[in-house]
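Each chain, letter by letter, is given below.
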Amino acid sequence: RLYLGYDYDINKKFAATLLLASEPNASTSSATGTSIANGDNLVDNKMSFYIKYANLRVRDLWTGTDFVIGEQPTPTWNLSSEQIFNHRWIERTITDFHKLGNSFDVGAGLQGAFDPQTKNFGYNLLVGNNTQAAIGSAASPTTGFYKEFYGDIWGKFLDKRLFIDAYADYARTAQATFAVGGQSHNMLKGLITYSIPSLTLGIEAFTEKITNGVTIVNGSKIGRASCRERV
C-alpha cells in the first residue's frame, strides 16, 4: 500500500483532507485475461493512485460535533472498531475482512460527542452516495442514485477502559421489477472491548440482511431474502 495525503487547517473552524491511495492487487485474470472486480491495478498491471479521502471539515458546527462533507471514512469500521483495536497490520476487523459495507463514501456526515468535555459518549452519522463497491451494495449506473445511511453510537465506561459501540446501515440497491421486488441490504453490528495499556480484548458481531437477492435458477431470476451472521 502506498498513501500520499495532506491535512490542511484552513483556520480554527475549517480543515481539509486529501488522501491518495495505491493498494495494488490483481486486476486481471492470468488464465483468461479478463478484468477482476475491485482490482486496483490498471489493465496493464501498473499501479495507479485513486482518491480515497477528499473532504472539508467544519469544526464545532455545534459544541462537540463536526460536520464533514466529501469523500470520507464511514462508521462501518474506520471510525469505531479499527480505532479501538488499532493493529490492522496484524488483522483486519470482521466486517473489513469479509468486505461488508463501505470503508469510505462520498457524502455528508456528523461526528460528535454528547459530552464534549469528557467525550465518554458519542456518535457518527453519515448519508453517503454508496460510491465504493461492496457486497450487496455496489454502486452502478442503475443503483448508484440510492443513498446509504450509516450510524453508530458509542460509550466509554470504567475510566474509559470499557468501550461499547452499536452500528447500523441501510441502502436500497435496486428498483422493483415485475419478477423481483425492491432490493436492499442492511447490517447491524455490535462491539464490546476492554483495554489496558498493553492489551485490548473484545468481541465484535454482526448480522446482515439482503432483501430480494437474485439467484438464477434454470435461466430464471428468483428473488429471495437472505441473512448472515458472524462473530
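These numbers were taken from a predicted model, which means no experiment stands behind them.

## Concerning unusual backbone geometry
Leaving glycine out, the prevailing phi sign among residues is negative, and the prevailing peptide bond configuration is trans.
Then, number 1: A positive phi angle is found at K119, which is not glycine, with a value near 55°.
Then, number 2: Note that K119 resides in the loop between strand 5 (104–113) and strand 6 (121–128).
Then, number 3: Classification of K119 as partly exposed rests on a relative accessible area of 48%.

## Concerning the nonpolar core
Then, number 1: The biggest cluster of nonpolar side chains holds 7 residues, and these are I94, L100, L126, Y150, Y167, M187 and F206.
Then, number 2: Look past the residues within four positions of M187 in its chain and what remains in contact with it is T76, T95, L100, Y167, A168, D169, F206, T207 and E208.

## As for the confidence of the model for the protein
Then, number 1: Residues of the protein with pLDDT of at least 70 account for 76%, and the chain-wide mean is 81.
Then, number 2: Contacts of residues 133–143 to residues separated by more than four positions or lying in other chains number 24 contacts, the stretch itself having pLDDT below 50.
Then, number 3: Counting interchain partners and residues more than four positions distant, the pLDDT-below-50 stretch residues 219–224 has 16 contacts.

## Regarding the pattern of salt bridges
Then, number 1: In this structure the tally under the stated criterion is 4 salt bridges.
Then, number 2: A salt bridge links R59 to D9, with the nearest nitrogen and oxygen atoms 2.5 Å apart. With a gap of 50 residues between them, R59 in strand 3 (residues 50–62) and D9 in strand 1 (residues 2–9) connect regions that are remote in the sequence.
Then, number 3: The exposure class assigned to R59 is partly exposed, which follows from its relative accessible area of 24%.

## A few points about the pairing of strand 1
Working note: regular strand, side chains alternate between the two faces of the sheet.
Then, number 1: Of all 8 residues in strand 1, 0 are buried; the element is thus mostly exposed.
Then, number 2: With 8 bridges joining them, strand 1 and strand 2 (residues 14–22) adopt antiparallel strand pairing. Along strand 2, the bridge assignment pairs Y6 with L18.
Then, number 3: Counting the residues that bridge the hairpin from strand 1 to strand 2 gives 4 residues.

## Points about the side chain of N55
Then, number 1: With respect to the helices and strands, N55 occurs in strand 3.
Then, number 2: The buried category is assigned to N55, whose relative accessible area is 11%.
Then, number 3: For N55, the side chain forms a polar contact with the main-chain oxygen of E71, separated by 2.9 Å.
Then, number 4: Non-local contacts of N55, meaning those with residues more than four positions away in its chain, are made with A15, A16, T17, V68, I69, G70, E71 and Q72.

## Considerations on the packing of aromatic side chains
Then, number 1: What the rule picks out here adds up to 5 aromatic pairs.
Then, number 2: A centroid spacing of 6.2 Å and a plane angle of 15° characterise the contact between Y6 and Y8, whose relative ring orientation is stacked.
Then, number 3: For Y6, a relative accessible area of 55% gives the class exposed.
Then, number 4: Taken together, a centroid distance of 6.1 Å and an interplanar angle of 25° make the contact between Y50 and F104 stacked. Pair noted here: Y50 is in strand 3 and F104 is in strand 5, with a separation of 54 residues, a long-range link.
Then, number 5: The exposure class assigned to Y50 is partly exposed, which follows from its relative accessible area of 23%.
Then, number 6: Classification of F104 as buried rests on a relative accessible area of 9%.

Thresholds applied
Residues numbered from 1 in each chain as written. Predicted model: local features only at pLDDT ≥ 70, side-chain atom pairs only at ≥ 80, totals over all residues. Heavy atoms only, no water. Helix = DSSP H or I, 4+ residues; strand = E, 2+ residues; numbered from the N terminus. Buried < 20%, exposed > 50% of the residue type's maximum accessible area, 1.4 Å probe, protein only. Core = buried A, V, L, I, M, F, W, Y, C linked by side-chain atoms within 4.5 Å. Contact = heavy atoms within 4.5 Å. pLDDT = per-residue confidence, 0-100. Salt bridge = Lys/Arg side-chain N within 4 Å of Asp/Glu carboxyl O. Pairing = 2+ DSSP bridges. Polar contact = N/O pair within 3.5 Å; in protein donor to acceptor, adjacent residues only side chain to side chain. Phe/Tyr/Trp six-rings, centres within 6.5 Å; stacked < 30°, edge-to-face > 60°.

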